[in-house]
Number of protein chains: 2
Amino acid sequence: MDIDTSALDAYLDEQGLDGYAVYAAGDDSTQRYLSGFDAPDPFFTVYTPEETALLASGLEYGRASKEARGVVDRTSDYDYQSLREEYEPGTARAKLQAAFLDAHGVDSVAVPESFPVGAADGLREEGIALAVDSAGVVDDIRAVKTDEEIEYVRDATLANEASMQACEDLLDAASVENGVLYYEGEPLTSERVATEIEVTLLQHGCALDETIVACGVDAADPHDRGSGPLEAGQPIIVDIFPRDKENGYHSDMTRTFVKGEASDTISEWYALTQEAKEAAFDALAPGATGAEVHAAVCEVYENAGYPTLRADPATETGFIHSTGHGIGLDVHEAPSLSPRGDELKPGHVVTIEPGLYDPAHGGVRIEDIAVVTEDGYENFTDYPERLEL
Amino acid sequence: MDIDTSALDAYLDEQGLDGYAVYAAGDDSTQRYLSGFDAPDPFFTVYTPEETALLASGLEYGRASKEARGVVDRTSDYDYQSLREEYEPGTARAKLQAAFLDAHGVDSVAVPESFPVGAADGLREEGIALAVDSAGVVDDIRAVKTDEEIEYVRDATLANEASMQACEDLLDAASVENGVLYYEGEPLTSERVATEIEVTLLQHGCALDETIVACGVDAADPHDRGSGPLEAGQPIIVDIFPRDKENGYHSDMTRTFVKGEASDTISEWYALTQEAKEAAFDALAPGATGAEVHAAVCEVYENAGYPTLRADPATETGFIHSTGHGIGLDVHEAPSLSPRGDELKPGHVVTIEPGLYDPAHGGVRIEDIAVVTEDGYENFTDYPERLEL
């Protein structure tokens, strides 16, 4: 995949720095994006306007040479074994990384905020000028997706829809005994439904192990993953955010279901949340800000008399999170649809996920995923909104 | 779970530091171990000999209060919203974290090497004395498992055995046409077998999305995950290292299979690798070093005329990795069974995984997992070694 790093070149030029360094495993999205390589242990990458260079162990060298975006050196090229014998591990690593940077003509680097302090201090000791990129320049580049990245998210969304369908089918097929859902003679639990979802995702090339299937009071806490038997008449929030196992890109969707009849409160919350989602999409356009999209959702809830964090920063009920987030290699990345959300650009892929919460009633959340286009947006999500099953 | 942090108290006392700080998400094992809490976004924890304190967002506060090992403050207790309005994000976060440390009487902290440099520099700016723990004191504490942690690994090993059995059953059931494995009318691929393994793991409460099912030349690269149709007569390395989704602890096992008849070379490698594994277990005991266990494996291979990294640091064939690694919340953690392996202690949980590799023939690896006990070791792995299927 070709990535557009012109903004990174401009940043390095402005800051008077030779390169941008990352020391992390492949599950770090800045590393994966710049290096094009995924490995389980941390490895060192330096980007310069001329080249991207990776420093790999002997174990990873072969695969890195095949898969990485740039040139690959191996640690033995810099006599790492001798350094390890002569110095403490941290010092040996710093001398190795400094020699690698020197070999690539790099005396000064920017690093992401998440760069490990041990390695940073080590490089500084070795005379490398190291500046922390607090603006997140690579995050901003990553936020604007290429056509290829957009296809990755679209594909992950199809897998997500299949898994949501598997979930809905399971809830549909369940019977109710004494207010509890039963399936194949056993109480149907959050864990059982999550496994059904995750198995379906695996069969579609995606993975997730934090699926939210939260019922009743669990649903009132947006980060509670849910546990135990599911209850009829209670809202069940199902939030699925799979990652494609091959390319690493995510999708994200939430639906709220009630087995049987929903209470008047939950029905009202549901209708209001549909309205809030629509208001957010009405505001979603290039040139608008994430703050404006978030404000549109707050308006809907506040006009209906519900608390929001905007109106009361200490509230624990009502609309108690942001409207959405960018999504790509990270499930949460730039841009933000929150009070601090900046200008939206074509290629930004974002979630729209308003919701209401109160331990007295549970919670409701509905979430779609969309890309900002030149003249508005395209909603990737093609899944019905059916509250009562 | 109770953890024994006396070594951490001694370290802080020696260094003259008030506390040990971590700023990471729950997938960081130091964070998970010290805080007892798992959250998807980074959060700040400080350990002192008197208490462990977490700083959580409003979104995580409720769950953290229920689940975390220590006391939980929320960011709004420190007027974070005003800080965000007044300062750049990095500065606001540093002032928040410094105020939290101050409220807990902490002026000086050790941090792990992986602590993010952005946050570290920010705390230094705010006058917090910050020392990098390059010795990995928490890693050393984590390496010695409690009885509860040992049970977690034992349980994950049972799940692992079930998934290896599902894999072996699938390979057994496959037919061979023109040298390629077929199942249900289609070529049987690495990806299909990995999915079978991962679905089985999910059904046993475990997760993994980097299963290695590597055949032929893919098997010659220890980190190649494998892809495409599996071939008869070729070694297939199956390496499974699941994580229990609930408690976060791992297991690890490797077996090598050949569908049909193995070549003389692969048969010889297999027998030699069994011998090397046995030699490693013979050396595994409290008081022995990881280096000695590793040397026992190198002896076997070198005596049989195969290259090792010990004999030739640049070799790309033969025994080209270490003998094993500690395992727990991380799949790779202390102690190391390698040339640099230190003294082994009761409670260390380690893998033993010798292997031989050569692109001309493929690869063979056999891996068990064991705990070092007061008088030797206990091998958790109860799974047959059957080369030809």
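Residues numbered from 1 in each chain as written. Chains lettered and ligands numbered in written order. Predicted model: local features only at pLDDT ≥ 70, side-chain atom pairs only at ≥ 80, totals over all residues. Heavy atoms only, no water.

**Quick look at the packing of aromatic side chains**
All names here are of chain A.
Reasoning step 1: As enumerated under the stated definition, the model contains 16 aromatic pairs over all chains in all.
Reasoning step 2: Between the aromatic rings of F44 and F100, the centroid separation amounts to 5.8 Å while the plane-to-plane angle is 85 degrees, which identifies the pairing as edge-to-face. Taken together, the positions of F44 in strand β2 (residues 43-47) and F100 in helix α5 (residues 89-103) put the pair 56 residues apart, joining distant regions of the chain. For the pair shown, F44 and F100 are each scored as buried.
Reasoning step 3: Within the aromatic cluster, the residues linked to one another by ring pairs are Y23, F44, Y78 and F100.
Reasoning step 4: Above the face of the Y61 ring, R74 is positioned so that its terminal group lies 3.7 Å from the ring centre. (Phe/Tyr/Trp six-rings, centres within 6.5 Å; stacked < 30°, edge-to-face > 60°. Helix = DSSP H or I, 4+ residues; strand = E, 2+ residues; numbered from the N terminus. Buried < 20%, exposed > 50% of the residue type's maximum accessible area, 1.4 Å probe, protein only. Lys NZ or Arg CZ within 6 Å of the ring centre and 35° of its normal.)

**Details of the environment of V111 of chain A**
Reasoning step 1: Mapping V111 of chain A onto the fold places it in strand β5 (residues 108-112).
Reasoning step 2: Every residue in contact with V111 of chain A, bar those within four places of it in the chain, is listed here: Y20, A21, L130, A131, V132 and D133 of chain A together with V117 of chain B. (Contact = heavy atoms within 4.5 Å.)

**Quick look at a negative patch on the surface**
Residues and elements named next belong to chain A.
Reasoning step 1: On the surface, E261, D264, E268 and E388 cluster together into a negatively charged patch.
Reasoning step 2: Assignment of secondary structure puts E268 in helix α10 (residues 264-283).
Reasoning step 3: A relative accessible area of 42% places E268 in the partly exposed class. (Patch = residues over 30% accessible without salt bridge, like charges linked within 9 Å, V, L, I, M, F, W, Y side chains within 5 Å. Areas by Shrake-Rupley, 256 points an atom, 1.4 Å probe, with all protein chains shown as cover. Salt bridge = Lys/Arg side-chain N within 4 Å of Asp/Glu carboxyl O. Lys, Arg positive; Asp, Glu negative; His and termini not counted. Charge placed at Lys NZ, Arg CZ, Asp CG, Glu CD.)

**Here we look at the interface of chain B and chain A**
Reasoning step 1: Facing the 44 residues of chain B at the interface are 44 residues of chain A.
Reasoning step 2: At the boundary of chain B with chain A, total buried surface from both sides reaches about 3,700 Å², with 47% on carbon and sulfur atoms.
Reasoning step 3: Connecting chain B to chain A are 12 salt bridges.
Reasoning step 4: In this structure, D209 of chain B and R243 of chain A form a salt bridge, with 2.8 Å as the shortest nitrogen-oxygen distance.
Reasoning step 5: Our count for the chain B to chain A interface comes out at 22 residue pairs in polar contact (both at pLDDT 80 or more).
Reasoning step 6: Breaking the side of chain B that touches chain A down by element, the ones donating at least two residues are α3 (58-67), α4 (80-86), α5 (89-103), β5 (108-112), α6 (117-125) and α9 (190-203) of chain B.
Reasoning step 7: Residue classes in the side of chain B that touches chain A are distributed as 15 nonpolar, nine polar and 20 charged. (Buried area = accessible area lost by both parts, 1.4 Å probe. Polar contact = N/O pair within 3.5 Å; in protein donor to acceptor, adjacent residues only side chain to side chain. Nonpolar A, V, L, I, M, F, W, Y, C, P; charged D, E, K, R; others polar.)

**Some words on helix α10 (residues 264-283) of chain B**
Reasoning step 1: For α10 of chain B, with 20 residues, the first-to-last C-alpha span of 29 Å sits near the 28 Å given by 1.5 Å per residue.
Reasoning step 2: Every buried residue of α10 of chain B is accounted for by I266, W269, Y270, L272, T273, A276, K277, A279, A280 and F281 of chain B. (Expected span 1.5 Å × (residues − 1).)

**Thoughts on unusual backbone geometry**
Reasoning step 1: Of note, the bond from A334 of chain A into P335 of chain A is cis; its omega dihedral lies within 30 degrees of zero at 0 degrees.
Reasoning step 2: By secondary structure assignment, the location of P335 of chain A is in strand β16 (residues 333-337).
Reasoning step 3: Its identity is not glycine, yet E184 of chain B carries a phi of approximately 50 degrees, on the positive side.
Reasoning step 4: Relative to the elements of secondary structure, E184 of chain B occurs in the loop between β8 (180-183) and β9 (186-187).

**Considerations on the environment of F241 of chain B**
Residue and element names in this part refer to chain B.
Reasoning step 1: Its place among the elements puts F241 in the loop between β12 (235-240) and β13 (243-244).
Reasoning step 2: According to the relative accessible area criterion, F241 is buried, its value standing at 14%.
Reasoning step 3: Residues F241 and Y152 lie 89 residues apart in sequence; the distance between their C-alpha atoms is 14 Å.
Reasoning step 4: Ignoring any residue separated from it by four or fewer positions in sequence, one finds F241 in contact with L208, E210, I212, H250, S251, D252 and V331.

**Observations concerning the UniProt feature "domain: Peptidase M24" (unreviewed entry) in chain A**
Reasoning step 1: UniProt's feature table lists "domain: Peptidase M24" (unreviewed entry) at residues 159-374 of chain A, given in the numbering used throughout.
Reasoning step 2: Secondary structure across residues 159-374 of chain A comprises 29% helix and 25% strand; the distance between its end C-alpha atoms is 26 Å. (UniProt positions renumbered as here; feature names shortened; annotations may be inferred.)

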